Amino acid sequence: SGSVKMTRHSISLYAIHCEWPAAVTLAATLLLLLVVALVVAHVVRAWRDRLLAGRLVEIAATVAVFWLPRFRDPNFHLHHWFWTWFVGMHANRRAQLR
């Protein structure tokens, strides 16, 4: 039906421990390592450029304005477009240097 069967697993502690096959666990681990490496690279570069404090204030302000007011709403979830907008806005290094 146009989807990869491996990606049809939920993310819960029960599913991770009891239902995920080795391939899904490996893929999730590699993806998590990639994300951690990218975050560390951005933090190191922001520290080197003396922009880390400002970036952390920007992220905190964005969370306070866009996430906290809706956080307890049962209909709130990190939809893919919302999450990518948030990450893209804060990972845009060129906007910092102008």
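A. Structural detail: the packing of aromatic side chains. If you walk through the whole model with that rule in mind, you get 6 aromatic pairs. Note on Trp67 and Trp83: the rings are 6.0 Å apart at their centroids and 35 degrees apart in plane angle, and the pair reads as tilted. Of this pair, Trp67 sits in helix 3 (residues 52–67) while Trp83 sits in helix 4 (residues 80–90), and the two are 16 residues apart along the sequence. Ring geometry for Trp67 and Phe86: centres 4.9 Å apart, planes at 40 degrees, overall tilted.

B. Broad picture of the confidence of the model for the protein. Taken over all residues, the pLDDT of the protein has a mean of 84, while the share at 70 or more is 91%. Mean pLDDT in the protein bottoms out at helix 5 (residues 93–97), which sits at 58, and peaks at helix 2 (residues 22–48), which reaches 92.

Cut-offs applied
- Residues numbered from 1 in each chain as written.
- Predicted model: local features only at pLDDT ≥ 70, side-chain atom pairs only at ≥ 80, totals over all residues.
- Heavy atoms only, no water.
- Phe/Tyr/Trp six-rings, centres within 6.5 Å; stacked < 30°, edge-to-face > 60°.
- Helix = DSSP H or I, 4+ residues; strand = E, 2+ residues; numbered from the N terminus.
- pLDDT = per-residue confidence, 0-100.

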